[in-house]
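Geometric and topological summary
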Amino acid sequence: MNDIQAPRLAATVILVDAWNAQPFRVLLIKRPSQLRVLPGFWVFPGGRVEMEDGLGSVDEMDALLHAAIRETREEVGILLEKQALLWFGRRVTPNVMKHRFDTHFFIARIPHGTEFCLSVEEAEEAQWCTPDEAFQNAENGTWLVAPPTRDALRTLSSLSADALFNGGVMQAQVENRDEIDQFVKSIQMPLA
């Protein structure tokens with residue numbers, strides 16, 4: 001019997017601080033080690049779309065935006081407005097993974113002077129860093145970072161804040177089989 005799930009709709013928010021630093025910084029959080037999916041991994045705030053987000057009763061994009069806002073508030077205590085979110089890209093977990101997500105990435109400029117407040121159930125720690133710093137932490141093994149987040153960081157590293165907020169998006173998803181196999185082995189989940 002095949003226990004691979006259909007991908008669940010999810011949203012994640014790349015919070016950008018372009019006020020205080022050049023180049024701009026992004027907020028990443030470290031997932032608690034007791035979580036079932038990606039424990040100990042560094043991610044952008046986000047999660048799956050729930051019924052409370054209007055799943056099935058509103059337009060899919062509205063449900064994604066609601067989930068992005070809700071998850072950001074729950075995980076880091078930052079309240080965003082719907083119009084502040086810009087679509088940045090989409091990644092679908094390969095079918096070799098048991099837990100799969102159809103994740104839409106959004107970017108949002110953090111409101112000036114806003115501080116984050118971590119939920120201990122949702123994050124062990126958080127850090128503002130440039131996309132390049134985060135990508136290098138992933139590349140050298142300092143941080144556990146899943147391929148979709150790496151893709152986003154790689155793209156963010158190549159953009160200025162102006163380009164980011166004026167139509168910058170992630171490149172189309174390309175499945176690198178070696179990278180997927182390496183990632184699956186690193187989290188010790190069997191292939192399908």
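Summary of the structure given here. Note that the structure is predicted; figures quoted are calculated from it, not measured. (Residues numbered from 1 in each chain as written. Predicted model: local features only at pLDDT ≥ 70, side-chain atom pairs only at ≥ 80, totals over all residues. Heavy atoms only, no water.)

**Comments concerning the packing of aromatic side chains**
Summed over the entire model, instances satisfying the criterion amount to one aromatic pair. Their ring planes at 10 degrees and their centres at 4.1 Å tell us that W42 and W143 sit as a pair that is stacked. On the criterion of sequence distance, the pair formed by W42 in strand 3 (residues 42–43) and W143 in the loop between helix 2 (131–139) and helix 3 (147–157) is long-range, its members being 101 residues apart. The exposure classification of W42 matches that of W143, with both residues buried. Against the face of F165 rests R109, its NZ or CZ located 4.2 Å from the ring centre. (Phe/Tyr/Trp six-rings, centres within 6.5 Å; stacked < 30°, edge-to-face > 60°. Helix = DSSP H or I, 4+ residues; strand = E, 2+ residues; numbered from the N terminus. Buried < 20%, exposed > 50% of the residue type's maximum accessible area, 1.4 Å probe, protein only. Lys NZ or Arg CZ within 6 Å of the ring centre and 35° of its normal.)

**Comments concerning the pattern of salt bridges**
Summed over the entire model, instances satisfying the criterion amount to 12 salt bridges. One salt bridge in this structure joins K82 and D62, with 2.9 Å as the shortest N-O distance. Here K82 is found in the loop between helix 1 (60–76) and strand 5 (86–92), whereas its partner D62 is found in helix 1, with 20 residues between them in sequence. Given the relative accessible area of 42%, K82 is considered partly exposed. Exposure remark for D62: the relative accessible area of 32% places this residue in the partly exposed category. Taken together, the shared-partner salt bridges connect E52, D53, R70, E71 and E74 into one network. (Salt bridge = Lys/Arg side-chain N within 4 Å of Asp/Glu carboxyl O.)

**Some remarks on a nonpolar patch on the surface**
On the surface, a cluster of nonpolar side chains totalling about 250 Å² of accessible area is made up of M61, W87 and V169. Relative to the helices and strands, V169 resides in the loop between helix 4 (161–164) and helix 5 (177–186). A relative accessible area of 41% means that V169 is categorised as partly exposed. (Patch = residues over 30% accessible without salt bridge, like charges linked within 9 Å, V, L, I, M, F, W, Y side chains within 5 Å. Areas by Shrake-Rupley, 256 points an atom, 1.4 Å probe, with all protein chains shown as cover.)

**Let's talk about the environment of W143**
For W143, a relative accessible area of 8% corresponds to the buried category. Distance from W143 to K30, taken between C-alpha atoms, is 8.9 Å for residues 113 residues apart in sequence. Leaving out residues up to four positions away in the same chain, W143 has contacts with L28, W42, Q127, C129, A134, N137 and A138. (Contact = heavy atoms within 4.5 Å.)

By themselves, these are just geometric observations and shouldn't be taken as functional.
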